[in-house]
Amino acid sequence: MSKGLEIRLASRPKGWPTQENFDVVEVEQPQPGDGELLVRNVWMSVDPAMRGRMNAGRSYVPPFEVGKALQGGAVGEVVAANAEGFQPGDFVLHYFGWRDYATFDAKHAVKVDPQVAPLSAYLYVLGMPGMTAYVGLADIAEQKEGDVVFVSGAAGAVGSLAGQIAKLRGASRVIGSAGSAEKVRYLVDELGFDAAFNYHDGPVIEQLKAAAPDGIDVYFDNVGGEHLEAAIEVLNDFGRVAECGMISQYNNAEPKPGPNNLFKIVSKRLKLQGFIVIDHGQRKDQFFAEVGGWLRDGKISYRETVVEGLRNAPEAFLGMMRGENTGKMLVKIANAG
Ligand code: NDP
C-alpha cells in the first residue's frame, strides 16, 4: 500500500470558490488490479474548466462529486504495473490529478517521453492547452495568412500559445489583452505580440480599436463578456471567432447580461463557433508534428507558474482564477525519478 494525500470537493461554491470548498485527506492507495497501473504523480494541472465541474449539473463533462477526489490532467511515474505495455519507471499522462498516487485502468494512460520534452510540457505546450490553441485557430477560426488576430486571456496557458501560433501561421498582426502591465510587457517583449493592452486600464472597446486600426479578422475568445462585445464591434466583415472559453463569467453567482451587439453577427456576416478540445483527437498527430517542430526550433517560448506541493493545489487553482499565473499554472507534486 502507498499512503498519500488527495484533494476532495468538500462543497459546491456559489460564486467565487474558497479554500473551504476543498478537503485534504490522507488515503491508502490500492495496488493495481488486472489491467491497472499505480502511478505516483509528479505534475498536475489546474484549469478553468474545473470551476464548471465544481457546480452541480452536467456540462460537457460530469460534475465533480462532493466528498470525492477532484480530477484533472497529471503526469506521473508508474510505480506498479499490472497491464501489458507498461512497466515501473514509465511516465504517463492521465486524468487523475489532485492526488499523490492514483490507481486506474491503463487505458486512461498515455506514455510520455521526458527525453522529447520536460514532463510539465505535456500539460502545456504539447498538451491540452497547446492543442486547444492550435485547433481553435486552424480549424475553428480558420485562420488565414494575413489575418489580424485578437487573443484575450493572452498571457495564460492557451492564450500565450494562441498568439504565438497565430503569428507562426502567418497573421499580419496579433493583439493580446491581459490583466496587468507586466503581462502586457511579456506579450510584446517576449512572445512577439504586435500590440497588447491591460483590460483594467479602460474600456476594452477603446483599447482594442486603438490597437487594431484596420479591425480584426479573427478573435480567439478566452474571456467572453465585455471582451466579446468589443471584438464583435471591431471584427471586419466575414470575421471569425473561436469561442474557447468565457472565464469572466465562471464565478458569477447569477447570470449577467451578455453582449448587446449580437445583431452585428448578422450585418457583418460573422462566424462564431464554440469548441471543446477533446472532440478534436484526430488532429493530435498534426498538432505534435507542427507545434512540436516549432518548439524544437525555438520558435515558441513559454513560461510556467509553479506552485509546490499537492496541499497547495487549491491555492494554485484559486490563484489561476485570479490571474496570478503567467503562462501555465502547474502544481509540482513530487520530483521525477
Ligand atoms: P489561463 O492560464 O489563461 O488562466 C486563466 C486566466 O484568466 C488568468 O490568468 C487571468 O489572467 C484570466 N482571467 C481571470 N478572470 C478574468 C476576467 N474576469 N477577465 C479577463 N481575464 C480573466 O487558463 P487557460 O489557458 O487554461 O484557459 C483559458 C481559457 O480557455 C478559459 O476560458 C478556459 O475555460 C478555456 N479553455 C477551453 C478549452 C476548450 O476546449 N474549449 C480547453 C482549455 C481551456 P489575467 O491576469 O489576464 O486576468
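Residues numbered from 1 in each chain as written. Predicted model: local features only at pLDDT ≥ 70, side-chain atom pairs only at ≥ 80, totals over all residues. Heavy atoms only, no water.

### So, the overall build of the protein
Turning to step 1, where the next piece is worked out: If you tally the helices and strands in the protein, you get nine helices and 15 strands.
Turning to step 2, where the next piece is worked out: Rg of the C-alpha trace for the protein: 20 Å, near the compact-globule value of 20 Å for 337 residues, within the 12% margin.
Turning to step 3, where the next piece is worked out: In the protein, buried positions account for 53% of the 337 residues.
Turning to step 4, where the next piece is worked out: In the protein, the share of contacts with a sequence separation of at least 24, taken over all contacts with a separation of at least 6, comes to 68%.
Turning to step 5, where the next piece is worked out: Looking at the protein as shown, the accessible area adds up to about 14900 Å², and 50% of this sits on carbon and sulfur atoms.
Turning to step 6, where the next piece is worked out: Taken as two groups, the 34 positive and 42 negative side-chain charges of the protein have centres that lie 2 Å from each other. (Helix = DSSP H or I, 4+ residues; strand = E, 2+ residues; numbered from the N terminus. Rg over C-alpha atoms; globule rule 2.2 N^0.38 Å. Buried < 20%, exposed > 50% of the residue type's maximum accessible area, 1.4 Å probe, protein only. Contact = heavy atoms within 4.5 Å. Areas by Shrake-Rupley, 256 points an atom, 1.4 Å probe, with all protein chains shown as cover. Lys, Arg positive; Asp, Glu negative; His and termini not counted. Charge placed at Lys NZ, Arg CZ, Asp CG, Glu CD.)

### Some thoughts on the nonpolar core
The nonpolar side chains of a soluble globular protein tend to be buried, and buried together.
Turning to step 1, where the next piece is worked out: With 48 residues, the main nonpolar core has Leu-137, Val-149, Ile-165, Phe-220, Val-291 and Ile-300 as its most contacted residues.
Turning to step 2, where the next piece is worked out: Sorting the residues of this core by element identifies β3 (36-45), α2 (128-140), β8 (148-151), α3 (157-168), β9 (173-178), α4 (181-190), β11 (216-221) and α8 (284-296) as the ones contributing at least two each.
Turning to step 3, where the next piece is worked out: There are two domains that each give this core at least three residues, and those are domain 1 (2-124 + 303-332) and domain 2 (128-279).
Turning to step 4, where the next piece is worked out: Those residues in contact with Ile-165 that lie beyond four places of it in its chain are Gly-130, Ala-133, Tyr-134, Leu-137, Gln-143, Val-291, Trp-294 and Ile-300.
Turning to step 5, where the next piece is worked out: Trp-98, Ala-313, Ala-316 and Leu-318 belong to the second largest nonpolar core, which has 23 residues in total. (Core = buried A, V, L, I, M, F, W, Y, C linked by side-chain atoms within 4.5 Å. Domains from an automatic or database assignment.)

### Here's the deal with the site of the ligand
Turning to step 1, where the next piece is worked out: In the vicinity of the ligand, 26 residues are found, and the nearest of them are Val-158, Lys-183, Tyr-199, Val-277 and Asn-325.
Turning to step 2, where the next piece is worked out: Ala-157 places a main-chain nitrogen or oxygen 2.8 Å from an oxygen atom of the ligand.
Turning to step 3, where the next piece is worked out: Between the ligand and the protein, one listed contact pairs an oxygen atom with a backbone N or O atom of Gly-179 at 2.8 Å.
Turning to step 4, where the next piece is worked out: Those elements that place two or more of their residues in the shell around the ligand are α2, α3 and α9 (313-322).
Turning to step 5, where the next piece is worked out: Grouping the constituent residues of the shell around the ligand by class yields 16 nonpolar, nine polar and one charged.
Turning to step 6, where the next piece is worked out: Counting only domains with at least three residues in the shell around the ligand, you end up with domain 1 (2-124 + 303-332) and domain 2 (128-279). (Near = heavy atom within 4 Å. Polar contact = N/O pair within 3.5 Å; in protein donor to acceptor, adjacent residues only side chain to side chain. Nonpolar A, V, L, I, M, F, W, Y, C, P; charged D, E, K, R; others polar.)

### Side note on the pairing of strand β12 (residues 235-243)
Turning to step 1, where the next piece is worked out: Here β11 pairs with β12 via five bridges, running parallel. Within the sheet, the bridge partner assigned to Val-218 lies in β12 and is Arg-240.
Turning to step 2, where the next piece is worked out: Between β11 and its parallel partner β12, the chain crosses via helix α6 (residues 226-234), and the hand of that crossover is right-handed.
Turning to step 3, where the next piece is worked out: Looking at chain direction, β12 and strand β13 (residues 271-274) are connected through four bridges and run parallel. Bridge pairing links Arg-240 to Lys-271 in β13. (Pairing = 2+ DSSP bridges. Right-handed = clockwise from strand over helix to strand, strands pointing away.)

### Brief notes about the domain arrangement of the protein
Many structure descriptions define interface size as the accessible area lost when the parts assemble.
Turning to step 1, where the next piece is worked out: One can read the domain layout of the protein as domain 1 (2-124 + 303-332) and domain 2 (128-279).
Turning to step 2, where the next piece is worked out: Summarising the inter-unit geometry, the C-alpha centres of domain 1 and domain 2 are found 28 Å apart.
Turning to step 3, where the next piece is worked out: Opposite the 18 residues of domain 1 that make contact, domain 2 presents 18 residues.
Turning to step 4, where the next piece is worked out: For the pair domain 1 and domain 2, the summed buried surface comes to about 1500 Å²; carbon and sulfur atoms form 56% of the total.
Turning to step 5, where the next piece is worked out: The three residues of domain 1 that bury the most area against domain 2 are Tyr-60, Tyr-124 and Arg-303, which together make up 35% of that side's buried surface.
Turning to step 6, where the next piece is worked out: In this structure, the connection of domain 1 to domain 2 is made through one salt bridge.
Turning to step 7, where the next piece is worked out: Residues Glu-190 and Arg-303 are paired through a salt bridge, measuring 2.8 Å at the closest nitrogen-oxygen approach.
Turning to step 8, where the next piece is worked out: Between domain 1 and domain 2 we count seven residue pairs in polar contact (both at pLDDT 80 or more) in total.
Turning to step 9, where the next piece is worked out: Looking at the side of domain 1 that touches domain 2 residue by residue, the class counts come to eight nonpolar, five polar and five charged. (Buried area = accessible area lost by both parts, 1.4 Å probe. Salt bridge = Lys/Arg side-chain N within 4 Å of Asp/Glu carboxyl O.)

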